[in-house]
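Observations on the three-dimensional arrangement
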Amino acid sequence: MAKRVKRKVKVKNVLRIICIILILSLVIYILLNSKINNIVISGNNYLTDDQIIEEAGLKDYPSFFFNFDTEIEYKLKKNPAIKSVKIKRSFFNNIEIDVKEYKVVLKYNGKYYMQNGNSIEYSEDLRVPTLINEVPQKKFKDLCDNLSLVKSDILGKISELEYTPNTYDDGRFLLYMNDDNSVYLTLTKFEKINYYDDVLKQLEGKRGFLYLDSGNHFKIME
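Everything numeric here is computed off the predicted structure, so don't read it as measured data.

1. Observations regarding the overall build of the protein chain
- Secondary structure assignment for the protein chain yields 6 helices and 12 strands.
- In the protein chain, which comprises 222 residues, the proportion classed as buried is 37%.
- Expressed as a percentage of contacts within the protein chain between residues at least 6 apart in sequence, the contacts between residues at least 24 apart total 48%.
- Split by element, the accessible area of the protein chain, about 14,900 Å² in all, is 53% carbon and sulfur.

2. Describing the pairing of strand β10 (residues 182–186)
- Here β10 lies mainly inside the structure; 5 of its 5 residues are buried.
- Sheet topology places strand β9 (residues 172–177) next to β10; 5 bridges connect them, and they run antiparallel. Following the sheet pairing, Phe173 is matched in β10 by Leu185.
- Of the strand pairs in this sheet, β10 and strand β11 (residues 208–211) are connected by 3 bridges, and their pairing is parallel. Within the sheet, the bridge partner assigned to Ser182 lies in β11 and is Phe209.

3. Some details on helix α4 (residues 137–147)
- The complete set of buried residues in α4 reads Lys139, Phe140, Leu143, Cys144, Asn146 and Leu147. Axial view of α4: buried residues confined to an arc of 165°, hence all on one face. Away from the buried face of α4 by more than 90 degrees, exposed residues Gln137 and Lys138 are located.
- The elements touched by buried residues of α4 are β4 (104–108), β5 (111–114), β7 (130–131), α5 (152–155), β8 (158–163) and β9.

4. Focus on the sheet that holds strand β2 (residues 82–90)
- Spatially, β1-β3-β2 is the arrangement adopted by the 3 strands of the open sheet, whose pairing is mixed. The sheet is open, and its two borders are formed by β1 (38–42) and β2, each paired with just one other strand. Adjacent strand axes in the sheet meet at a mean angle of 20°, parallel and antiparallel pairs treated alike.
- Bridge analysis of β1 against strand β3 (residues 94–101) gives 5 bridges, and the strand direction is parallel. Across the sheet, residue Ser42 finds its bridge partner in β3, namely Asp98.
- Contacting β2 and β3, helix α3 (residues 69–76) runs over the sheet at an angle of about 155° to β2.

5. Things to note about the side chain of Thr164
- Tracing the chain through its elements places Thr164 in the loop between β8 and β9.
- Setting aside residues up to four positions removed in sequence, Thr164 forms contacts with Arg172, Phe173, Leu174 and Tyr184.

6. As for the packing of aromatic side chains
- With the rule as written, the count across this model stands at 10 aromatic pairs.
- With centroids separated by 5.1 Å and ring planes inclined at 90°, the aromatic side chains of Phe64 and Phe65 adopt a geometry described as edge-to-face.
- Relative accessible area serves as the criterion here: at 7%, Phe64 is assigned to the buried category.
- Ring pairs connect the aromatic residues Tyr46, Tyr112 and Tyr122, which therefore count as one cluster.
- A cation over an aromatic ring shows up here: Arg89 above the ring of Phe64, its NZ or CZ 4.8 Å from the ring centre.

7. Describing the nonpolar core
- Counting residues in hydrophobic clusters, the biggest one holds 51 residues, and the most contacted among them are Ile97, Leu106 and Leu175.
- Setting aside residues no more than four positions away along its own chain, Ile97 makes contact with Ile39, Val40, Ile41, Ser42, Leu58, Ile72, Leu76, Val85, Lys86 and Ile87.

Calculation notes
Residues numbered from 1 in each chain as written. Predicted model: local features only at pLDDT ≥ 70, side-chain atom pairs only at ≥ 80, totals over all residues. Heavy atoms only, no water. Helix = DSSP H or I, 4+ residues; strand = E, 2+ residues; numbered from the N terminus. Buried < 20%, exposed > 50% of the residue type's maximum accessible area, 1.4 Å probe, protein only. Contact = heavy atoms within 4.5 Å. Areas by Shrake-Rupley, 256 points an atom, 1.4 Å probe, with all protein chains shown as cover. Pairing = 2+ DSSP bridges. Arc of directions from axis to C-beta. Axes fitted to C-alpha atoms, helices over the stretch in contact; angles between N-to-C directions. Phe/Tyr/Trp six-rings, centres within 6.5 Å; stacked < 30°, edge-to-face > 60°. Lys NZ or Arg CZ within 6 Å of the ring centre and 35° of its normal. Core = buried A, V, L, I, M, F, W, Y, C linked by side-chain atoms within 4.5 Å.

This is the structure we're talking about:
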């Protein structure tokens, strides 16, 4: 007949396990209840801080540890105005969100459009040209992309844009400048407008049409 062996339970081991469970429970409780203390937004020109915070899912200042950077970045990148996002965390549960927005390059039918061709709602007036006629969708996207290459100070000097294709060039535009000059450009040469101020000095105050789409010549306004 087998003899039953009684095993003694070591009190120290039991207490050690209980302590570990209590410590783990306390850590989990602290993590769950440790909320974001401060949110700093930078890099935004068109989107408001409140808008970014809300779209990031941080409006109610939720858990600091259980809102992962990748998740916040994913939510923000759903906004067509946001090009990239960088997130930095610091002591005392602070989160810094640095966004890079697409550049707003023109206005059309009362809406502002960015370099990626998407529209954005914006209540303030921006110094960007207004497109005054319809452009084929593909050309419109190319136009937005090429306008992003124009320096901001030059972009602000363009009052209106008109799509003026001809037999030889279906990417031709006429730019109406704030100083009453007009400039013909094609999509493949839009960067030439960045030298507008240099060309202007050579015109000696004359007003007319500057042809930068084919050659570089100036026709005085009659």
